[in-house]
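Fold and contact review
Each chain, letter by letter, is given below.
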Amino acid sequence: MIFNKVPKRETLILALGEALVAVLICLGYLLIGKFEWQVATGAVLGGAVTVLNFLFLAISVNRALDRIIAEGIDKDKLNKSLEDLYEKSESDKTVSGETDVIGEDTDGEASESDTHDDAAARFANENAGKLQNAVKLSFIIRSASMVAALVLAFLTGWFDVIATVIPLFMQRPILTVSEMLRKEEK
């Protein structure tokens, strides 16, 4: 894989958040006097399915990008785009007379990350349809797998339905809170 970056930090945060949710679910059931071992197994199953779904999403997006790149990104065209963006940013600075703009280095040159961000945005725009189709297929497969795993789990009677479903809805809140806390630290 070219894009082999698995979001390790986010996965770890999600796993820890799901563990906390599982503990809170068990405590909630204890407080209302309805705790059974199926509650604990259900909470663990829901958290595990959520974390695995997140990992599979990251892997499928990476594979989709790899496929699109393998199908034929012309590296000369990509390098030309980067050069054009760099030259455009230089000419824009000269025309406008700007010398100290966010995104520029101290010597007045456009930062390399800005140029790469522009090239990445252009690449995404040119290949949006291909990426969407690949990710949609992944979504269908991941969703079907989650539903199948949960249906089988419920049919065994080893898992509490509510305790299993609650963690499935916690992925976005956990990652949102973690991102907010990270921004506050900076």
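If you're wondering where the values come from, they're calculated on a predicted model, not measured in any experiment.

Notes on the environment of Thr50
Tracing the backbone shows Thr50 in helix H2 (residues 37-72). Along the chain, Thr50 and Phe169 lie 119 residues apart, while their C-alpha atoms are 8.4 Å from each other. Those residues in contact with Thr50 that sit more than four places away from it in its chain are Leu14, Glu18, Pro167, Leu168 and Gln171. A polar side-chain atom of Thr50 sits 2.8 Å from the main-chain carbonyl oxygen of Gly46.

Details of the environment of Glu36
Residue position: Glu36 is located in the loop between helix H1 (8-31) and H2. By relative accessible area, Glu36 is classed as partly exposed at 48%. In sequence terms Glu36 and Cys26 are 10 residues apart; their C-alpha atoms lie 8.9 Å from each other.

Describing helix H7 (residues 171-185)
Given a rise of 1.5 Å per residue, 15 residues ought to cover 21 Å, and the 21 Å separating the end C-alpha atoms of H7 matches this to within 8%. Those residues of H7 that fall on the buried side of the exposure criterion are Gln171, Ile174, Leu175 and Ser178. On an axial view of H7, the arc spanned by its buried residues comes to 90°, and they lie on one face. Looking at H7, the residues exposed on the side facing more than 90 degrees away from the buried face are Arg172, Lys183 and Glu184.

What counts, and at which threshold
Along every chain, residues carry numbers that run from 1 in the direction the sequence is written. Note on the predicted model: pLDDT of at least 70 is required for a residue's local features to be given, and 80 or more for side-chain atom pairs to be given and counted; whole-chain, interface and lining totals, by contrast, use all residues. To obtain the side-chain values, all non-hydrogen atoms of the structure were included, while hydrogens and water were left out. Here a strand is any run of E in DSSP of at least two residues, a helix any run of H or I of at least four, and the numbering for each starts at the N terminus. The contact rule is simple, with two residues in contact once any of their heavy atoms fall within 4.5 Å. N or O atoms within 3.5 Å of each other form a polar contact, as long as, within protein, one can give a hydrogen and the other can take it, and as long as residues adjacent in sequence are counted only when both atoms are side-chain atoms. Buried residues are those whose accessible area, probed at 1.4 Å on protein chains only, stays under 20% of the maximum for their type, while exposed residues exceed 50% and partly exposed ones sit between those limits. Here a helix's expected span is defined as the number of its residues, less one, multiplied by 1.5 Å. Note that the arc is defined by the directions from the helix axis to the C-beta atoms.

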